[in-house]
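# Structural characterization, general
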Amino acid sequence: MRHDRGAAGARGYGVTAAVALIGANGHGRSHRRRIAELERTGSVRLVALADVQPIEPDPPVPAGAAVFTDHRELLATAAPDVVVICTPPHTHLPIALDALAAGCDVLLEKPPVPTVEAHATLQAAVVSSGRSCQVGFQALGSLAAQTLFDAVAAGRLGRLESVATVASWRRDDAYYARAPWSGRRVVDGRPVLDGALVNPLAHAVMQSLAVAAAAGAGAPVRLAAERYRTRDIEVDDTAFARITFAGGLRMMAAVTLAGEDFVAGSVIVTGAAGRAELEYPTDRLDLPGLTGPPGRIDLLENLIAHRRDRSGVPLVAPLARTAAFTAVAQTLTGPGAAPPALIDEAFVAAVGTGPERVQVITGINAVLREAAATLKLPSESGVAWAVPAYEVDVPIAGHPYGHPPPGSVGEY
């Protein structure tokens, strides 16, 4: 390790933090823009970028920022205080481990890692290094979402009866051609976290899991899922997952990337004493008697503030908070998961041509809404194209063999 940053007043505390970005193209460009905004406040300085491809010119690379193709060379040469990792999900673990070992705090894009085992490995490295790892679930920084979490924890909705999330988006052919790992289950022998629930709609799933955590529902222990595809990909573009928590609470996630009318995405919380709905992309909260304040806590800004005052400024999305998401993601996408079923072309219409072509499932929005309202999977509601669900235990870190003991699913 190049130097000890454990004590207050060490290099990088109370002064401008040296930031590096690993994975500077694609979505990494949004991180470059945000880093530039923070540079203007004097809180950070971009010292280095790394990408295996030539750096895209927009936004411009600032003078003084070194460019690398190997993240290990970047860590050894640039000696950053904070590293933002925005590489393909299956590469996250080794890069994050290298950054922590180099003494860096880390902002790791979502989804963090593909398995409970990898999550435990990374969490152990965070603890042993004394560093921090924030995961890029920016929707957890929503002030409206925090209002909802606080209301649930305070019992404002009474005993929770269900949590559901529903979204209807579209992704075109270009989306699935954007990267070699897109739409794949395994690349270079490593599992890829892709699919509607674990990548583009991951924020809705994470917020729903956070609601369950606020209610004290316990860990997710059982999952029944149906996953579908409308094109030649290895992952789902339409998915339904019913999750049961240790306390008995149930959650339904019903989403598609082959939608009809656009549904931005909502987290719907139903309790014995009321109902709340959070439109997670817009942070619009419908909670009788309460108004969620606008705005979000920026995750990089939060990480920088946490570095300066680790006891007084908690992380918004620490790695530990995302353990349930990783467990659900592994259950949905791991080797034991049933492959997504191809929906018969009689129920699918192609809209547009060329790279902008999208696939649309006829009647899908009604199916999504029914699943969210009833907690029934499509096969349980008699949907013509549905196939039987697969149901499995959710692996949980800390239990023998990754599973809870028999009989641990109790009454909520």
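Because the structure is predicted, anything quoted here is derived from the model rather than measured.

Within the secondary structure layout, N199 lies in the loop between β9 (190-191) and α7 (202-214). Owing to a relative accessible area of 8%, N199 belongs among the buried residues under this scheme. Those residues in contact with N199 that lie beyond four places of it in its chain are K110, P111, R178, W181, L193 and D194.

Every buried residue of helix α3 (residues 92-101) is listed here: H92, I95, A96, A99 and L100. All buried residues of α3 project into a common sector of 135° when viewed along the axis, lining one side. The inward-facing, buried residues of α3 contact β1 (17-22), α2 (71-78), β4 (82-85), β5 (105-108) and α4 (116-129). In the segment just after α3, G103 is the residue with positive phi, at about 90°.

What follows deals with the nonpolar core. Core analysis: the largest hydrophobic core is formed by 107 residues, its most contacted members being V211, L223, F325 and L332. Ranked by the residues each element gives to this core, the list is headed by α7, at eight residues. Filtering out sequence-adjacent residues up to four positions away, F325 remains in contact with P111, P112, F137, L197, V198, A202, V205, M206 and L209. If you look at the next biggest cluster of nonpolar residues, it comprises 23 residues, including A224, M252, I364 and L375.

All right, on to the environment of P314 then. Mapping P314 onto the fold places it in the loop between α8 (299-308) and α9 (323-333). The exposure class assigned to P314 is exposed, which follows from its relative accessible area of 58%. Considered as a pair, P314 and V116 are 198 residues apart in the sequence and their alpha carbons are 23 Å apart. Once residues lying within four places of it in the same chain are set aside, the contact partners of P314 are N302 and H306.

Right, let's get into the side chain of T147. Relative to the helices and strands, T147 resides in helix α5 (residues 143-153). Classification of T147 as buried rests on a relative accessible area of 16%. From its side chain, T147 meets the backbone oxygen of L143 in a polar contact 3.0 Å long. Look past the residues within four positions of T147 in its chain and what remains in contact with it is L285, L290, G292 and P293.

One pass over the full model with this rule turns up four aromatic pairs. Between the aromatic rings of Y175 and Y176, the centroid separation amounts to 5.0 Å while the plane-to-plane angle is 90°, which identifies the pairing as edge-to-face. The pair Y175 / Y176 is uniform in exposure class, with both members buried. Consider the rings of Y228 and W385, whose centres lie 4.9 Å apart with planes at 85°: the pair is edge-to-face. In this pair, Y228 is assigned in strand β10 (residues 220-229) and W385 in the loop between α10 (364-374) and β19 (390-393), connecting sequence segments 157 residues apart. Residue Y228 is classed as buried on the basis of its relative accessible area, which comes to 0%.

As a further point, take the sheet that holds strand β2 (residues 44-50). One open sheet holds the six strands; their spatial order is β3-β2-β1-β4-β5-β6, and the pairing between them is parallel. Edge strands, defined here as strands with exactly one partner in the open sheet, are β3 (66-68) and β6 (133-135). Direction aside, neighbouring strands of the sheet carry axes that sit 20° apart on average. Those strands touched by helix α1 (residues 28-39) are β1, β2, β4 and β5, and its axis lies near 155° from that of β2.

Another point: α1. Since the α-helix turns once every 3.6 residues, residues separated by three or four places project in the same direction. Here α1 contains 12 residues, and its C-alpha end-to-end distance of 16 Å stays within 8% of the 16 Å for a straight helix at 1.5 Å per residue. What α1 keeps buried is the set G28, H31, R32, I35 and L38. Burial along α1 is one-sided: seen end-on, the buried residues are contained in an arc of 125°. Tucked into the core, α1 has its buried residues touching β1, β2, β4, β5 and α8.

So, about the environment of L107. Along the chain, the position of L107 falls in strand β5. Sequence separation of L107 and A215 is 108 residues, and the distance between their C-alpha atoms is 27 Å. Discounting chain neighbours no more than four positions away, the residues touching L107 are H31, V83, V84, I85, Q134, V135, G136, L299, L300 and L303.

A few words on the packing of α7 against α9. Interhelical geometry of α7 versus α9 gives an angle of 125° and a closest axis separation of 9 Å. Considered as vectors, α7 and α9 are oriented oblique to each other. In terms of crossing hand, the pair formed by α7 and α9 is right-handed. Taken together, the residues of α9 that come into contact with α7 (itself represented by A202, V205, M206 and L209) are A324, F325 and V328. Partitioned by chemical class, the residues of the contact of α7 with α9 number seven nonpolar, no polar and no charged.

So, about the confidence of the model for the chain. Parts of the prediction with low pLDDT should not have their coordinates interpreted in detail. Across the chain, the average pLDDT comes to 91, with 93% of residues at or above 70. When the criterion is pLDDT under 50, residues 1-12 qualifies, and its contacts beyond four places in sequence or with other chains add up to 26 contacts.

With the rule as written, the count across this model stands at 19 salt bridges. Salt-bridge contacts for R34 lead to D298; the nearest nitrogen and oxygen are separated by 2.9 Å. Here the residue R34 occupies a position in helix α1, and D298 occupies one in the loop between β15 (284-286) and α8, the gap between them amounting to 264 residues. Residue R34 is classed as partly exposed on the basis of its relative accessible area, which comes to 23%. A salt bridge links D105 to R310; its shortest N-O distance comes to 2.9 Å. Residue D105 is located in strand β5, and its partner R310 is located in the loop between α8 and α9; the two are separated by 205 residues in the primary sequence.

Cut-off values and rules
- Residues numbered from 1 in each chain as written.
- Predicted model: local features only at pLDDT ≥ 70, side-chain atom pairs only at ≥ 80, totals over all residues.
- Heavy atoms only, no water.
- Helix = DSSP H or I, 4+ residues; strand = E, 2+ residues; numbered from the N terminus.
- Buried < 20%, exposed > 50% of the residue type's maximum accessible area, 1.4 Å probe, protein only.
- Contact = heavy atoms within 4.5 Å.
- Arc of directions from axis to C-beta.
- Core = buried A, V, L, I, M, F, W, Y, C linked by side-chain atoms within 4.5 Å.
- Polar contact = N/O pair within 3.5 Å; in protein donor to acceptor, adjacent residues only side chain to side chain.
- Phe/Tyr/Trp six-rings, centres within 6.5 Å; stacked < 30°, edge-to-face > 60°.
- Pairing = 2+ DSSP bridges.
- Axes fitted to C-alpha atoms, helices over the stretch in contact; angles between N-to-C directions.
- Expected span 1.5 Å × (residues − 1).
- Parallel < 35°, antiparallel > 145°, perpendicular 65-115°, else oblique.
- Left-handed = near helix turned anticlockwise from the far one by under 90°.
- Nonpolar A, V, L, I, M, F, W, Y, C, P; charged D, E, K, R; others polar.
- pLDDT = per-residue confidence, 0-100.
- Salt bridge = Lys/Arg side-chain N within 4 Å of Asp/Glu carboxyl O.

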